[in-house]
Amino acid sequence: MLNVPVRLSIRRPSPTTVSYTVSNAPSRTSFSAQATFYVTIILRVLLAISALAVAVAKFTQVSGAQKVPGAQILFESTSLGTFSDGIATRFSWKIVFPAVAAIIYAVVQKGYTEESLLVIRGLGIQTSTSSSTYLSTAATRFIPTNEIRDIFIHEAFKGFEVRFYLAVVVRGEEDVVVVFPNLLPKRRMLEDLGSRHASQSAGISNVP
Amino acid sequence: MISDFFFPQPGSGIESHIYQLSTKLIDRGHKVIIITHAYQGRTGIRYLTNGLKVYHVPFLVVHREATFPTVFSFFPIFRNIVIREQIEIVHGHASLSNLCHEAILHARTMGLRTVFTDHSLFGFADAASILANKLLKFSLSDVDHVICVSHTCKENTVLRASLDPLMVSVIPNAVVAEDFRPLGYPANPAENSVKTRGPLPPAHPLGPHETITIVVISRLFYNKGTDLLIAAIPRILAAHPNVRFIIAGSGPKAIDLEQMLERHVLQDRVEMLGPVRHEEVRDVMVKGHIYLHPSLTEAFGTVIVEAASCGLYVVCTRVGGIPEVLPQHMTTFAKPEEDDLVAATGRAIAALRSNRVRTDRFHDQVKMMYSWTDVAERTERVYKGISGALSEEEFYGSHPGGGWSATRGRAGVQGFSLIDRLKRYYGCGIWAGKLFCLCVIVDYLILVFLEIWAPRKSIDLARDWPRKKPIENGIVDDREDARFPASARVVRRRSGRDGWRDGRVVDPG
């Protein structure tokens, strides 16, 4: 499996909480990397706007301008309007709409996954997996301390390989909750995290 | 260790062979993992006693728990396991296991030493055997060493796979003699050794009218001789009034057996127990005096050793490797036919009635003959021999002018270069040879592709079972989904104690 290297970063928002974040996003510490990142964001937004404009232009052409008030003025006065109007007239709607949909889909893709584990001492843990697009929010799950029966690292078959995973046994649930289910970091990282997890939440590990 | 046949499947000899051998090898300081396919409700990775790790690889099962032969599909995951566990020797078991044959092929492609253990005998005549033999020839063309459970089995395997007899060793099965004690035998013989206990008490003599119980424990299949048993039971019972049978086991022939009982109205003299678990076999055996083993083909026949260990006199057919298993005074042999089986059973009953057989001594004698520790030692020697730790003369003996083929480097140790391997496979047959060569080349290409696609260094190495460190009891959890390596827990616990307040933040990335 061609794995993008996974990084672990640890934050301490408060003295009693630790957040472990595992991410396969490229590191953005240098100035040039950050600049590239923001430029990409701006480009993405511009691309999305123009794609939407083309879609609206095509829609007005197909349905008739009267039905969309104000559209006529927009497409005649602004340069973006005339550009998208030109594209919309050149291709049939059968090409335009799928193309616009594909562009929008590509633009909102994040291209990386970020999964985190937030440990709050005496309260519980929260796992979260970032969504694959910019539009939706991360999927999170909170497990209170008294629901946790055990935490372990084990191995399992995943695709054509055997991977390590960190899992939480929740009281009254048949399946375990796998932490970092998509990225599945390496054993060294999990063990390191596991040992620190124990040190952070000694209360949790003493629960029978 | 790799085989299709492993627990939780109710075991014939192969499963317990693999388990016992692995356990003893671990005791001798080796690292052993077992790869088998997934069973109903058992997929994934498990730890057994002593840190024996079992990979239940999810695969399609076709017939009697053997997997479907898909020559290459197993390679990626096999390579992953081999690399992460840092395997050096691949030891396949059972000739009907496709997983084992595939693994041997892939292991050779990856440049590992391979051993194959054959547990069964095969014919040469029928279509299925021809196919199976061809497959065997394919995978054994390039194996480093073969182990057979008896000399008959060795002869059979050498002929089937056209092997050099020198690269085939015979290492018999063994039994855990402590699990097969006769009734009244002390559980802890150390306290009651011969010195403290004095000479053995005389055997309990059998009265002339005392009932003799004959035990039969076998899976009721054609090859286990159930038809022979069905024919023989009424005649034996008619000839000997104070005799009864206990039959344990299940299988397709059970219905025939029951029909026979009803036809001859023998229900009161023949007890059918149905399937028994391996742990219960001893409890069934000690109820009897004679063990009847009518098998038509048997490579070794562990069960008759178990029976003798329980202090039973053994009546068995003279087939396969059975005559090698027990000494003369413990057995009566019969030809695999009805008349002779009845006669042999009659002889055995007469011998018991005249108290000529000291069955009470069988247990100690069997204990001297068969032990898994011994099996593991001999297997270890094979491992050393193929990996070059033993010199050629020491391992194979001196054979001046021995006809080693040109494709071999050091005698008996097969070279890994692709062209040498192809030469060996090409000799398999006019068409088969070319087909096998093609398979080997494809396998090699897959390996090259895998090295690019999933580079060796990106594969996470698994932790070894912590052998030296004493582990706190109760760490291994019995829950279904929580069979985790204790090592992970140990790490967690330890740092839980000393790193609790210092709050270091170290990024391992």
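Definitions and limits used
- Residues numbered from 1 in each chain as written.
- Chains lettered and ligands numbered in written order.
- Predicted model: local features only at pLDDT ≥ 70, side-chain atom pairs only at ≥ 80, totals over all residues.
- Heavy atoms only, no water.
- Helix = DSSP H or I, 4+ residues; strand = E, 2+ residues; numbered from the N terminus.
- Buried < 20%, exposed > 50% of the residue type's maximum accessible area, 1.4 Å probe, protein only.
- Areas by Shrake-Rupley, 256 points an atom, 1.4 Å probe, with all protein chains shown as cover.
- Pairing = 2+ DSSP bridges.
- Core = buried A, V, L, I, M, F, W, Y, C linked by side-chain atoms within 4.5 Å.
- Domains from an automatic or database assignment.
- Contact = heavy atoms within 4.5 Å.
- Phe/Tyr/Trp six-rings, centres within 6.5 Å; stacked < 30°, edge-to-face > 60°.
- Axes fitted to C-alpha atoms, helices over the stretch in contact; angles between N-to-C directions.
- Nonpolar A, V, L, I, M, F, W, Y, C, P; charged D, E, K, R; others polar.
- Buried area = accessible area lost by both parts, 1.4 Å probe.
- Salt bridge = Lys/Arg side-chain N within 4 Å of Asp/Glu carboxyl O.
- UniProt positions renumbered as here; feature names shortened; annotations may be inferred.
- Expected span 1.5 Å × (residues − 1).

Enquirer: Whenever I open this one, the overall build of chain B confuses me. Can you help?
Expert: The number of helices and strands found in chain B is 18 helices and 15 strands. Taking all 509 residues of chain B together, the buried fraction comes to 53%. Put simply, chain B shows about 23000 Å² of open surface, and 57% of that area lies on carbon and sulfur atoms.

Enquirer: How do you make sense of the pairing of strand S1 (residues 7–14) of chain A when you look at a structure like this?
Expert: Taken residue by residue, a regular strand's side chains alternate between the two faces of the sheet. Residue and element names in this part refer to chain A. Both S1 and strand S2 (residues 17–23) contribute to a ladder of six bridges, which runs antiparallel. Bridging from a neighbouring strand, Ile-10 pairs with Tyr-20 of S2. Hairpin connection of S1 to S2: two residues between the antiparallel strands.

Enquirer: Help me out: how do you make sense of the nonpolar core in this one?
Expert: One recurring pattern in soluble globular proteins: nonpolar side chains tend to sit buried together. Residues and elements named next belong to chain B. In terms of nonpolar packing, the biggest core is built from 107 residues, with Ile-233, Phe-245, Met-285, Ile-290 and Tyr-291 touching the most fellow members. Two domains each put at least three residues into this core: domain 1 (14–174 + 373–395 + 404–414) and domain 2 (178–369). In this view, Tyr-291 contacts Val-215, Val-216, Ile-217, Met-285, Val-303, Ile-304, Ala-307, Leu-312, Tyr-313, Val-314 and Val-315; residues no more than four positions away in its chain are not counted. Residues Ile-33, Ile-77, Ala-103 and Leu-450 belong to the second largest nonpolar core, which totals 25 residues.

Enquirer: How do you make sense of unusual backbone geometry when you look at a structure like this?
Expert: With glycine set apart, most residues show a phi of negative sign, and most peptide bonds adopt trans. Residues and elements named next belong to chain B. A positive phi angle, near 55 degrees, is found at Gln-86, a position not held by glycine. Among the structural elements, Gln-86 can be located in the loop between helix H2 (75–84) and strand S6 (89–93). For Gln-86, a relative accessible area of 47% corresponds to the partly exposed category. For Val-265, which is not a glycine, the phi torsion comes out positive at approximately 50 degrees. Within the secondary structure, Val-265 is located in the loop between helix H8 (254–264) and strand S12 (270–274).

Enquirer: Is there a simple way to explain the packing of aromatic side chains in this structure?
Expert: Each aromatic ring pair is summarised here by two numbers: the centre-to-centre distance and the angle between the ring planes. All names here are of chain B. Counting across every chain of the model gives eight aromatic pairs over all chains. Judged by centre distance (5.4 Å) and plane angle (45 degrees), the ring pair of Phe-74 and Phe-78 falls under tilted. For the residue pair Phe-74 and Phe-78, the accessibility class agrees, reading buried in each case. A centroid spacing of 6.0 Å and a plane angle of 10 degrees characterise the contact between Phe-449 and Trp-453, whose relative ring orientation is stacked.

Enquirer: What am I meant to see in the packing of helix H3 (residues 98–109) of chain B against helix H16 (residues 418–426) of chain B here?
Expert: Helix packing for two helices is described by the angle between their axes and how far apart those axes are. All names here are of chain B. The interhelical angle for the contact between H3 and H16, taken along N-to-C directions, is 150 degrees, at an axis separation of 11 Å. Of the residues in H16, those in contact with Leu-105, Arg-108 and Thr-109 of H3 are Arg-421, Arg-424 and Tyr-425. Classifying every residue of the contact of H3 with H16 by side-chain character gives two nonpolar, one polar and three charged.

Enquirer: Where do I start with the sheet that holds strand S13 (residues 290–293) of chain B in this structure?
Expert: Picture the strands of a sheet paired through backbone hydrogen bonds; they go either parallel or antiparallel. Residue and element names in this part refer to chain B. Ordered in space as S12-S11-S10-S13-S14-S15, the six strands form an open sheet in which the pairing is parallel. Of all strands in the sheet, those with a lone pairing partner are S12 and strand S15 (331–334), marking the two edges. Across the sheet, the axes of successive neighbouring strands diverge by a mean angle of 20 degrees, strand direction being ignored. With six bridges joining them, strand S10 (residues 212–217) and strand S11 (residues 243–248) adopt parallel strand pairing.

Enquirer: Looking at this structure, I do not really get the domain arrangement of chain A. What am I missing?
Expert: Where interface size is given, it is often the accessible area lost as the parts come together that is meant. All names here are of chain A. Examined at the domain level, chain A breaks down into domain 1 (7–25 + 111–206) and domain 2 (31–108). Interface of domain 1 and domain 2: buried area, both sides summed, is about 350 Å²; carbon and sulfur atoms make up 68% of it. Our count for the domain 1 to domain 2 interface comes out at zero salt bridges. Class assignment for the residues of the side of domain 1 that touches domain 2 results in two nonpolar, two polar and no charged.

Enquirer: Teacher, can you tell me more about the UniProt feature "transmembrane region" (unreviewed entry) in chain B here?
Expert: Mapped onto this numbering, the UniProt entry annotates "transmembrane region" (unreviewed entry) at residues 431–453 of chain B. As annotated, residues 431–453 of chain B comprises 100% helix and 0% strand, and the C-alpha atoms at either end are separated by 33 Å.

Enquirer: Explanation requested: the UniProt feature "transmembrane region" (unreviewed entry) in chain A in the structure shown.
Expert: Within this numbering scheme, the UniProt entry marks residues 35–57 of chain A as carrying the feature "transmembrane region" (unreviewed entry). Within residues 35–57 of chain A, the helical portion is 100% and the strand portion 0%, while the C-alpha atoms at the span's ends are 33 Å from each other.

Enquirer: Explanation requested: the pairing of S15(B) in the structure shown.
Expert: All names here are of chain B. Residue alternation in S15 divides its side chains into two sets, Thr-331 and Phe-333 and Thr-332 and Ala-334, and both sets are buried. With four bridges connecting them, strand S14 (residues 313–317) and S15 associate as parallel partners. Counterpart to Cys-316 in the pairing with S15 is Phe-333.

Enquirer: Help me understand the pattern of salt bridges, please; the structure alone is not making it clear to me.
Expert: Side chains that carry opposite charge are capable of pairing whenever their charged atoms lie near each other. Inspection of the entire model under this criterion finds 29 salt bridges over all chains. With a closest N to O distance of 2.6 Å, Lys53(B) and Glu155(A) form a salt bridge. Of this pair, Lys53(B) sits in strand S3 (residues 52–57) while Glu155(A) sits in strand S6 (residues 148–158), on two different chains. Comparing Lys53(B) with Glu155(A), the two get one shared label, buried. When the shortest N-O distance is used, the salt bridge between Arg235(B) and Glu338(B) registers 3.1 Å. Taken together, the residues span a long stretch of sequence, with Arg235(B) in helix H7 (residues 226–239) and Glu338(B) in helix H12 (residues 338–353) at a distance of 103 residues. Given the relative accessible area of 36%, Arg235(B) is considered partly exposed.

Enquirer: Looking at this model, I keep getting lost on the environment of Ala99(A). Mind explaining?
Expert: All names here are of chain A. Note that Ala-99 resides in helix H4 (residues 93–108). For Ala-99, a relative accessible area of 34% puts it in the partly exposed group. The spacing of Ala-99 and Phe-31 is 68 residues in sequence and 34 Å in space, taken between C-alpha atoms.

Enquirer: Help me out: how do you make sense of helix H14 (residues 372–387) of chain B in this one?
Expert: For an α-helix the count is 3.6 residues per turn, leaving residues at separations of three or four pointing the same way. In this model H14(B) runs 22 Å from its N-terminal to its C-terminal C-alpha over 16 residues, within 8% of the 22 Å that 1.5 Å per residue would give. Residues Trp372(B), Val375(B), Ala376(B), Thr379(B), Glu380(B), Val382(B), Tyr383(B), Gly385(B) and Ile386(B) constitute the buried set of H14(B).

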